[in-house]
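The chain contents come next:
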Amino acid sequence: MQSDDLTHEFIAFCIESGVLRFGQFKLKSGRVSPYFFNAGLFNDGYKMGRLAGFYAKILLQHQVQFDMIFGPAYKGIPLAATIAVELARLGKNVPLAYSRKEAKDHGEGGTTVGAPLAGRVLIVDDVISAGTAVRESVSFIQAAGATPAAVAIALDRQEKGADKDGDLDYSAVQYVRKAMGIEVISVATLQDLLGFLRQSDDPALRPWLVAVSQYREQYGVT
């Protein structure tokens, strides 16, 4: 399956699952978005299995080089586990680990669970909103003497960040790529979503093409 076909299938799956919805959604930044991606609704075995399959296939298509998977708490934990299972099914068996929100002071202790962090580590999460989870993950990985290899996410909103002084000139994903020097692989992007809407013959979806395009023009990054 080609990358464009995989992305198209992923977006269709997200819409069918109710994970990707259209309407008016007020974001944490205060912006009103015509679409909303809620990865928390990948909430059963079938959806998680399909999601992991999309991650695994996009990673293999991009030939991302990594030795193990790391999932930041909390959403990264089930992602790391299911993606590792799917990769093993496809012939690439790698160790995995995930972080705790608080260090454990009994038993094995520490702030991570699973395989020891070593070699080239792939960080997996649903989206990158502000880059906080990535920064914390990089700290865990580097403190263990390992190397952050890349970050894999489900959706890149390709949207300018925002702070107390207003809009920034770059997105959270661009920050990770440029300031932190780490590649980010996404299953889909906002540009992919626009392409999907242009091609859709669903009368319920076509009206949202203009709204999403206008949002991209106002808040999108190149």
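Model, not experiment: these values are computed from the prediction.

For helix α2 (residues 45-61), spanning 17 residues, the distance from its first C-alpha to its last is 24 Å, which sits close to the expected 24 Å at 1.5 Å a residue. Within the span of α2, buried status applies to K47, M48, L51, A52, G53, F54, Y55, A56, I58 and L59. If you check the start of α2, you find a side-chain oxygen 3.2 Å away from the backbone N of Y46, and it comes from D44. After α2 finishes, the residue Q63 shows a positive phi value of roughly 55°.

Quick look at the layout of surface pockets now. One number sums up the size of the largest pocket: a volume of about 1,100 Å³. Forming the boundary of the largest pocket are 37 residues, of which V127, I128, S129, A130 and A172 lie nearest the centre. Of all the secondary structure elements, the ones that give two or more residues to the lining of the largest pocket are β2 (32-37), α4 (132-143), β7 (147-156) and α5 (172-178). Broken down by element, the residue count for the lining of the largest pocket peaks at four residues, all from α4.

Let's shift gears to the pattern of salt bridges. Under the defined criterion, the tally for this structure stands at eight salt bridges. Across the pair E159 and R31 runs a salt bridge, and its minimum N-O distance is 2.7 Å. Placement of E159 in the loop between β7 and β8 (162-163) and of R31 in the loop between β1 (20-26) and β2 is noted, with a sequence separation of 128 residues between them. On the accessibility criterion, E159 (10% relative accessible area) is buried. Salt bridges here are not isolated pairs; linked through shared partners, they connect R31, R157, E159 and D167.

Calculation notes
- Residues numbered from 1 in each chain as written.
- Predicted model: local features only at pLDDT ≥ 70, side-chain atom pairs only at ≥ 80, totals over all residues.
- Heavy atoms only, no water.
- Helix = DSSP H or I, 4+ residues; strand = E, 2+ residues; numbered from the N terminus.
- Expected span 1.5 Å × (residues − 1).
- Buried < 20%, exposed > 50% of the residue type's maximum accessible area, 1.4 Å probe, protein only.
- Polar contact = N/O pair within 3.5 Å; in protein donor to acceptor, adjacent residues only side chain to side chain.
- 1 Å grid on protein atoms, 1.4 Å probe; cavity = no way out; pocket = protein on both sides within 12 Å on 5 of 7 lines; lining within 4 Å.
- Points joined across faces, edges and corners; volume = space filled by probe spheres on them.
- Salt bridge = Lys/Arg side-chain N within 4 Å of Asp/Glu carboxyl O.

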